[in-house]
Every structure is written in C-alpha cells, then in structure tokens.
Amino acid sequence: MPMTTYTMDVFKNATYTSLADAMLPHTQNTYWHEFNEISKYNVQLNYFEKLWAAWYLFIGNDVLATGIMSFLMHEFVYFGRSLPWMIIDRIPSMNKYKIQNQKVPSAKEQWDCAKLVLLSHFTVELPQIWLFHPLAQYFGLGTTVPFPTIFTMAYQIAIFFVLEDAWHYWSHRALHWGPLYKNIHKIHHQYSAPFGLAAEYASPIEVMILGLGSVGPPILWCAITKDLHILTMYIWIVLRLFQAIDAHSGYDFPWSLHKFLPFWAGADHHDTHHEKFIGNYSSSFRWWDYALDTESGPEATKRRREKKLAQARKAQ
Ligand SMILES: [Zn+2]
Ligand SMILES: [Zn+2]
C-alpha cells in the first residue's frame, strides 16, 4: 500500500501515514488551538491548507474527519444549491424562463420531495460517503497538505466528467428498460416537470447505480495513477451536484451554459427527458445521445423526419 507521507516541522524526525496518525493519541485541544499550532510551524501553507490540516488534527481520525466533512458538505451543497431555484419558482417574472412554464412545483410537492431525499441521504448515501475514504485511501488517496495544483485538479475533474457522463448514459438508458423502469427508475420520473430538489429523488438502488458513476472513476483513477487528492474529489462532487441540480431546475436562461458550450447538456436537455420519458439519457454532455441517435424533443424529431424523407427521396 502506498504511503501518504506527511512531515510537519513539529514532527521533524518522523514520517506518518496520515496527519491523524501524527497526532494519535489525540489531544483534547480545540480546533483553533490546532490551527494556531499549525500556523506557527508551517508558514509555507496557505490559509485554506491550514484550516484543512487543523481539521484533521482536531478530529484525530482520518476516516471520521473525512466522513463528517463529506456528509456535511453534501447536505450543505445539495440544499444550498436547491434553495435559489425554490425562490425563483416563487418569482412570477422568472416564469418566462421556465421550460414547462405551466408546471411550477407547489410548496407541498417540494417538501414531500425534500423529505424523501433527506431519508435517502441518511440511509443510503451516508454509508457510501463513509466507505469512500478507507477504500480510496487503500488506493493511495491523498488527504494531506499542500494541495495539488489547480491544473492537476482541473484535468482530473474533466476526466471524471467525461467518464461519469458515459456511465450515466448507459446505465440510465438501461434503467428505461421495462422491468428496471417499473421497479427502480419510475420513482425519479414522478415529476414530469422537474425542479432542483428532485435531482436525487430516486430509488435507493438508483442512487447506488448512478452514484457509482460519480465515485467509481475517481477510485479507479486513484488505483491506476496513485495521484488523487481528496480536495479534487470534493470539488468534483460539488460541481457534479451543481450539474445535477441545475439540470433538474426546470429553467433555461439566455445565459445558460449550453448556449455557449453546445455540447453541454444543461436543464434544456434533461427537462425534455422528464417531459417525454424517452431519449436524452446522458447527464453532462450531449455527445452520446447525438452519436447514438437517442436525442429527445421536437428538434430531434424534426431532424429524424428530415433524414427519413431524404433517404426515401434517394431510394426513389
Ligand atoms: Zn429517466
Ligand atoms: Zn432526472
């Protein structure tokens, strides 16, 4: 097993497998005491790196430290990102940007959805989030400071986006096969006009299958290259949550990302999937649906009809 080495000035003569190991048995210091100690002896670290290192020292157990931080981050980002969409739903002037503008979710609908999502977060996602750390650490996941460079994080996250999208396309397409749809995926399709909070409104089995697309590629990457930092993983998960929630928002603006990046899927792509129940299976990008002719919506239908007509003309 590869060692994640960390040598702090205060522990000059020793190399530890992790920050927490360096401090075990854990002292009963406060978080800010740890932060001040780190600041004193590690002037080369930036503020965020010091906050990070102090958290691991303060908790004194890497699995616990990552588990708590990951779960809280997921909740904070999920509900934090959904909230602006709930507010926008209540602003009449925003209605012109709503894709299915006759179907604004009621407060009760949103509350019912939030309850199921919360239940699933605590029962299905919490154990998975907890398991991620020991599993990834086994493959050499880095949790220490200093952090990787922006460039390293950016190209790794770009790879995760592409791989997740491919996994999502195929497994989501499979979930639309009769028996799987009836037993698993139907729950997610309860809302034919989606809203931000509905992004993770799904059967626990679906959460596990599709969640594998977000967690699997980083673990695989870590196992092959031995070069992944948990901060990269966090940024990836945050961006993926933003993508999923925004895709379910139900709003398409003139300034939406796919207007500038034509291959970006966005809300326009996934809203149509919920409305038509067929086609547009991918998550972040449009290339899989385009290449395999599974695009949904009036434009795709028109294109298909034109293609057929052209073929018929040619055959005559
Ligand atoms: Zn679906
Ligand atoms: Zn959906």
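Within every chain, residues take consecutive numbers counted from 1 along the sequence as written. To read the labels, note that chains go from A and ligands from 1, taken in the order they are written. Given that this is a predicted model, residues contribute local features only at a pLDDT of at least 70 and side-chain atom pairs are listed and counted only at 80 or more, while totals for whole chains, interfaces and linings are drawn from all residues.

S.K.: What am I meant to see in the packing of helix H6 (residues 150-175) against helix H9 (residues 230-248) here?
M.R.: A pair of packed helices is characterised by two quantities: the angle between their axes and the separation of those axes. Orientation of H6 relative to H9, taken along the N-to-C sense of each, is 45 degrees, at an axis distance of 10 Å. On the basis of the axis angle, H6 is oblique to H9. For H6 against H9, the interelement crossing comes out right-handed. For the pair formed by H6 and H9, the contact residues are Met153, Gln156, Ile157, Phe160 and Glu164 on the first element and Thr232, Ile235, Trp236, Leu239 and Arg240 on the second. Each residue receives one of three labels: charged for Asp, Glu, Lys and Arg, nonpolar for Ala, Val, Leu, Ile, Met, Phe, Trp, Tyr, Cys and Pro, and polar for the others, Gly being one of them. Partitioned by chemical class, the residues of the contact of H6 with H9 number 6 nonpolar, 2 polar and 2 charged. In this analysis an axis means a line fitted to C-alpha atoms, helices contributing only their contacting stretch, and an angle means the value between N-to-C directions, from 0 to 180 degrees. Put simply, DSSP marks the helices as runs of H or I at least four residues long and the strands as runs of E at least two long, and each gets a number from the N terminus on. Oblique is the label for any angle not covered by the other classes, which are roughly parallel (under 35 degrees), roughly antiparallel (over 145) and roughly perpendicular (65 to 115). Crossing handedness is defined as follows: a turn of the near helix away from the far one that is anticlockwise and smaller than a right angle gives a left-handed crossing, while the clockwise case is right-handed. Contacts here follow a simple rule: the backbone-placed C-beta atoms of the two residues must lie within 7 Å.

S.K.: Help me understand the environment of Arg313 in this model?
M.R.: Here Arg313 is to be found in helix H13 (residues 298-315). Between the C-alpha atoms of Arg313 and Phe71, which are 242 residues apart in sequence, the distance is 58 Å.

S.K.: Mind showing me how you'd approach the confidence of the model for the protein here?
M.R.: Each residue gets a pLDDT score, which is the predictor's confidence in that residue and runs from 0 to 100. Confidence in the prediction for the protein averages 87 pLDDT; 91% of positions are at 70 or higher. When mean pLDDT is compared element by element in the protein, H6 scores highest at 97, while helix H1 (residues 19-23) scores lowest at 52. Low confidence marks residues 1-16, where pLDDT is under 50. Its contacts with residues over four positions away, or in another chain, come to 27 contacts.

S.K.: Before we go on, may I ask you to explain the packing of helix H3 (residues 47-59) against helix H4 (residues 62-89) in this structure?
M.R.: Packing of H3 against H4 brings their axes to within 8 Å, and their N-to-C directions diverge by 120 degrees. Judged by the inter-axis angle, H3 sits oblique to H4. Handedness of the H3/H4 crossing: right-handed. Between H3, through Trp55, Tyr56 and Ile59, and H4, the contact on the second element is made entirely by Asp62, Leu64, Ala65 and Met69. Of the residues that constitute the contact of H3 with H4, the class distribution is 6 nonpolar, no polar and 1 charged.

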